[in-house]
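Read off the chains here:
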Amino acid sequence: MLLALLLSCWGTPEPTAPPDIVLVVIDTTRADHLGIYGHSRPTSPRMDELAKDGTWYTRAYAQSGWTLPSFTSLLSGTYPHMHRVGRAPFDPSSFGRLGPETTTLPEVLTAQGYATAAWMNNTFLAPEFGLNQGFSTYDYKGADNSYNRSGTETVDGALAWITAQTQPTFTLVHLMEPHMDYAPPPSTAGRFTSDRQLQISVPYSLSDQIGGRGSLEIPSAEIQEDIRRVYDEEILAADLAVGRLVDGLKAAGRWDNTTI
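Residues numbered from 1 in each chain as written. Predicted model: local features only at pLDDT ≥ 70, side-chain atom pairs only at ≥ 80, totals over all residues. Heavy atoms only, no water.

### Comments concerning the overall build of the protein chain
Note the threshold: Numbering of helices and strands runs from the N terminus, with a helix taken as a DSSP run of H or I at least four residues long and a strand as a DSSP run of E at least two residues long. For every residue, the accessible area obtained with a 1.4 Å probe (protein chains only) is divided by the maximum for its type, and the residue is called buried under 20%, exposed over 50%, and partly exposed between those limits. With residues, only the protein chains shown are counted as cover, and all accessible areas are computed by Shrake-Rupley using a 1.4 Å probe. Working convention for charge: Lys and Arg count positive, Asp and Glu count negative, and His plus the chain ends are omitted. Where a charge lies is defined by one atom per residue type: Lys uses NZ, Arg uses CZ, Asp uses CG and Glu uses CD.
Counting its regular elements, the protein chain contains seven helices and seven strands. The C-alpha extent of the protein chain, read off along each of the three principal axes, is 80 × 45 × 35 Å. Split into buried and exposed, the 260 residues of the protein chain put 41% on the buried side. Approximately 14500 Å² of the protein chain is accessible, and the part contributed by carbon and sulfur atoms is 55%. Looking at the protein chain, you have 18 positive and 29 negative side-chain charges, and the mean spots of the two groups are 2 Å apart.

### A short note on unusual backbone geometry
In the segment running from methionine 180 into aspartate 181, the intervening peptide bond is cis, with an omega of 5 degrees. Tracing the sequence through the fold places aspartate 181 in the loop between strand E6 (169–175) and helix H7 (221–251). With an omega dihedral of 5 degrees, the bond running from valine 202 to proline 203 counts as a cis peptide bond. Mapped onto the secondary structure, proline 203 falls in the loop between E6 and H7. A positive phi angle, near 60 degrees, is found at arginine 84, a position not held by glycine.

### Points about the side chain of arginine 254
For clarity, the cut-off: In what follows, a contact means two residues having at least one pair of non-hydrogen atoms within 4.5 Å.
Note on placement: arginine 254 falls in the loop between H7 and strand E7 (258–259). Judged by relative accessible area, which is 17%, arginine 254 ranks as buried. Excluding residues that lie within four positions of it along the chain, arginine 254 makes contacts with Asp20, Ile162, Thr163, Gln165, Gln167, Thr169 and Leu249.

### A closer look at the nonpolar core
Note that soluble globular proteins tend to have their nonpolar side chains buried in a common cluster. What counts here: Definition used in this section: a nonpolar core is a set of buried Ala, Val, Leu, Ile, Met, Phe, Trp, Tyr and Cys residues joined via side-chain atoms within 4.5 Å.
Ranked by internal contacts, the top residues of the largest apolar core, which has 30 residues, are Val155, Leu175 and Tyr182. For this core, the secondary structure elements donating two or more residues are strand E1 (20–26), helix H2 (45–53), strand E4 (115–120), helix H6 (151–163), E6 and H7. Broken down by element, this core gets its largest block of residues, ten residues, from H7. The contact partners of tyrosine 182, leaving out residues within four places of it in the chain, are Val202, Pro203, Tyr204, Ile227, Val230, Tyr231 and Glu234. Leu68, Leu75, Val85 and Phe135 belong to the second largest nonpolar core, which has 18 residues in total.

### Notes on the confidence of the model for the protein chain
Stated precisely, the cut-off is as follows: Confidence scores labelled pLDDT are given residue by residue by the predictor and lie between 0 and 100.
For the protein chain, per-residue confidence averages 91 on the pLDDT scale, and 92% of positions sit at 70 or higher. Across residues 1–9 the pLDDT falls below 50, and counting only partners more than four positions away or on other chains, this stretch makes zero contacts in the model.

### Looking at the packing of H2 against H7
Where we set the bar: Between the N-to-C directions of two axes lies an angle of 0 to 180 degrees, each axis being a line fitted to C-alpha atoms and, for a helix, fitted only over the stretch in contact. Angles below 35 degrees are treated as roughly parallel, those above 145 as roughly antiparallel, those between 65 and 115 as roughly perpendicular, and all remaining angles as oblique.
With their axes 7 Å apart at the nearest point, H2 and H7 run at an angle of 55 degrees to one another. In terms of orientation, H2 and H7 fall into the oblique class. Along the contact surface, H2 presents Pro45, Arg46, Met47 and Leu50, while H7 presents Leu236, Asp239, Val242, Gly243, Val246 and Asp247.

### What about H7?
Stated precisely, the cut-off is as follows: Expected helix span is given by 1.5 Å per residue-to-residue step, counting one fewer step than there are residues.
Over its 31 residues, H7 runs 45 Å from end to end, which matches the ideal 45 Å to within 8%, given 1.5 Å per residue. Of the residues one or two after H7, glycine 253 is the one with positive phi, at around 75 degrees.

As C-alpha cells, then:
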C-alpha cells in the first residue's frame, strides 16, 4: 500500500527534450600534446576541463591517416574499404565521393527532428566529396597549408547558427589550427617560444622542413624542440576556440542540455 501511495505521488515524469549535440574535430592534434594526457606544457586548459567533467579515453583509433577517408568513416560509421572515399589506387589525382546509398549521422539525426550543420575548413572536406550529405547547412571554407579560417571565426559562425535554432541541433565544428603551416595567431604566438632563439622560421611550412618533404634527414634536437613549441602554440589557439564555444553555449542558455 505504501508503494502504491508513493507511485501515485510521483505521477508521470516530464518528457526530456533531446539534447543539442556538438562534435568538435581538431585537425592533426596529437593526444600526447594535451594536458589531460600528461603533456608538460599547458596547451589545452579548456579541453582538460571538459575531459575532467565528462568522459575521456586512453585509447582511440582513426580509420585512416588523412582527412577525407577518416572524416567519411566518422560520419558514416563505415570502414574506408566500404565507403571508398579517398584517392583512387591507380590515379592519385582522382578521388572517391560518398554515395547516396550510405546513410550518414546527420541524415539519421534529421529524421529524429534535428537541425544539422557543419563548419568545415579543410580542402578535403569540400562538398564535392559528398560529406555535406544530410546537413541542412554546410559552411565550407577552402584552405591550403598557408591559409585557413581561424577557430574564432569558425566558432562564432557555429554559435550564431545554433542560437538561432528552435529545434534540437547537431553541429560539427572543425578546427584547423594545428595543421601545417604552423603560424600561431597573436593570442598564442610566443607563449611557448619567447624564452628561446628559434632556429626555424615562423610560419613553419612543409617547404621549410630539413631537406624538403619526404626527406630522411633528421633535424637537430634543437630544431625539433622549436617545431614542437610552435605546434603547441597552434594547439593552444584551438583550445581557446573550444573555450569560446563552451562559453558561448553557456551564455545562450543551451549548455545544460548539450552533449559536446
